[in-house]
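# Structural description and commentary
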Amino acid sequence: MITEPANIPTHVAVIMDGNGRWARARGKPRNAGHRAGVRAVRATVEAAAERGISYLTLFAFSSENWRRPEQEVSGLMGLFVEALRREVAELHRNNVRLRFIGAREQLSNGLQHRIKAAEDKTAGNTGLVLNVAVAFGGRWDIVNAAQTVAARVARGELAPDDIDEADVAKSLQLGECPDPDLLIRTGGEQRISNFLLWNIAYAELWFTDVLWPDFDKQHFDAALAAFGAKQRRYGHTGEQVEAAKC
Ligand code: IPE
Ligand code: IPE
Ligand code: MG
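We now turn to the structure provided with this report. Note that the structure is a prediction, hence the values are computed from the model and not measured.

This part is about the environment of glycine 187. Residue position: glycine 187 is located in the loop between strand E5 (182–185) and strand E6 (204–207). Remark: the alpha-carbon pair of glycine 187 and phenylalanine 220, spanning 33 residues in sequence, is separated by 14 Å. Not counting residues within four places of it along the chain, the set of residues in contact with glycine 187 comprises Asp17, Gly18, Arg21, Thr208, Asp209, Val210 and Leu211.

With 17 residues, helix H5 (residues 138–154) extends 24 Å from end C-alpha to end C-alpha; this agrees with the ideal 24 Å at 1.5 Å per step. The set of residues buried in H5 consists of Gly138, Asp141, Ala145, Val149 and Arg152. Seen from one end, H5 has its buried residues packed into an arc of 70 degrees, which puts them on one side. Facing away from the buried surface of H5 by more than 90 degrees, the exposed residues are Arg139, Gln147 and Ala154. Following H5 by one or two positions, glycine 156 adopts a phi angle in the positive range, close to 80 degrees.

What follows covers the packing of helix H3 (residues 70–93) against helix H4 (residues 109–122). Interhelical geometry of H3 versus H4 gives an angle of 15 degrees and a closest axis separation of 10 Å. Put simply, H3 runs roughly parallel to H4. Our pair here, H3 against H4, has a crossing hand that is left-handed. Every residue of H4 that contacts H3 at Met77, Phe80, Val81, Leu84, Arg85, Val88 and His92 is listed here: Leu111, Arg114, Ile115, Ala118, Lys121 and Thr122. A breakdown of the residues in the contact of H3 with H4 according to their chemical character gives eight nonpolar, two polar and three charged.

Taking strand neighbours across the sheet as the criterion, the six strands line up as E3-E4-E2-E1-E5-E6 in an open arrangement whose pairing is parallel. With partners counted over all chains shown, the strands left at the sheet margins are strand E3 (97–101) and E6, one partner each. Between one strand axis and the next, the sheet turns by 20 degrees as a mean value, whatever way the strands run. In this structure, strand E2 (residues 55–62) lies alongside strand E4 (residues 129–136), joined through seven bridges in parallel fashion. Pairing of leucine 58 across the sheet is with valine 132, part of E4.

Moving on, we come to the site of ligand 2. For ligand 2, the full set of nearby residues is Ile15, Met16, Asp17, Phe59, Ala60, Phe61, Asn65, Arg68, Arg185, Arg191 and Ser193. One of the side-chain N or O atoms of asparagine 65 is found 2.9 Å from an oxygen atom in ligand 2. For ligand 2, an oxygen atom lies 2.7 Å from a polar atom in the side chain of arginine 191. Computed on the free molecule, ligand 2 has an accessible area of 390 Å², of which 77% lies beneath the protein chains in the complex. For the shell around ligand 2, the element with the most residues is E2, which contributes three residues. Counted by class, the shell around ligand 2 contains five nonpolar, two polar and four charged residues.

Around ligand 1 sit Met16, Asp17, Gly18, Asn19, Gly20, Arg21, Arg30, His34, Ala60, Asn65, Arg68 and Leu76, and those are all the residues in its vicinity. Between arginine 30 and ligand 1, the recorded distance is 2.9 Å, taken from a side-chain N or O atom to an oxygen atom. Between arginine 68 and ligand 1, the recorded distance is 2.7 Å, taken from a side-chain N or O atom to an oxygen atom. Taken by itself ligand 1 offers 380 Å² of open surface, and the protein chains cover 87% of this. Put simply, the parts of the chain that give the shell around ligand 1 at least two residues each are helix H1 (19–25) and helix H2 (30–50). With three residues, the top contributor of residues to the shell around ligand 1 is H1. Across the shell around ligand 1, the residue classes break down as three nonpolar, five polar and four charged.

Basis of the calculations
- Residues numbered from 1 in each chain as written.
- Chains lettered and ligands numbered in written order.
- Predicted model: local features only at pLDDT ≥ 70, side-chain atom pairs only at ≥ 80, totals over all residues.
- Heavy atoms only, no water.
- Helix = DSSP H or I, 4+ residues; strand = E, 2+ residues; numbered from the N terminus.
- Contact = heavy atoms within 4.5 Å.
- Expected span 1.5 Å × (residues − 1).
- Buried < 20%, exposed > 50% of the residue type's maximum accessible area, 1.4 Å probe, protein only.
- Arc of directions from axis to C-beta.
- Axes fitted to C-alpha atoms, helices over the stretch in contact; angles between N-to-C directions.
- Parallel < 35°, antiparallel > 145°, perpendicular 65-115°, else oblique.
- Left-handed = near helix turned anticlockwise from the far one by under 90°.
- Nonpolar A, V, L, I, M, F, W, Y, C, P; charged D, E, K, R; others polar.
- Pairing = 2+ DSSP bridges.
- Near = heavy atom within 4 Å.
- Polar contact = N/O pair within 3.5 Å; in protein donor to acceptor, adjacent residues only side chain to side chain.
- Areas by Shrake-Rupley, 256 points an atom, 1.4 Å probe, with all protein chains shown as cover.

Below is the structure:
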């Protein structure tokens, strides 16, 4: 009997939400929730690599998260530095290519330096591509892309009427990656919170009440199973999609 290969997404994006509520439920400070969230990141990266996902994009800190109390922001920044110090060697051993997306010039020099070092060290790896979004906002990304395209127009390389979707798409932070097929959000909220706006035009959305520090491989597999059961129509009819399979 011929079994069809499982319908695995190429690119999974994750809004890792619920750390603060996880900590509050245990009478701990919010930063304890962020620290506990690192375990779930490790489990998710492992699961993605094991399941044959090619691209994993994690939302770690949004352009709006700068509005949080100073103590929480500095705790998070310290955690990013610590996580890079602890995890990069292992990621490199596992052939993971690490990339950061976001307004990195807003980060401390020390963090920028570690990010660059991690990207350079893993640049030649051919396994999972792991994009970490820090100081990232979907609108910021589109504005940036608009500036890049406008600069090409100003240089006379491109006529305004010739600007097409591909010109914008390749100027985005994830310009070299295919669009996410599946977007997971933990923590119970069903919103995008200014994550990848352009790129998720046709992503399947999967929401769970599980708080990020509790998220594990079983939850990841549940999201993959839900994805596998979807028919992706991209505007076609279901019948057209079925007919194209034969
Ligand atoms: C997500 O968890 C992590 C970041 C936004 C940095 P939260 O800190 O938003 O957790 P909740 O939503 O307050 O529970
Ligand atoms: C989204 O979570 C950002 C990250 C997970 C990094 P938030 O907790 O910041 O989202 P809102 O404010 O509830 O929409
Ligand atoms: Mg939140």
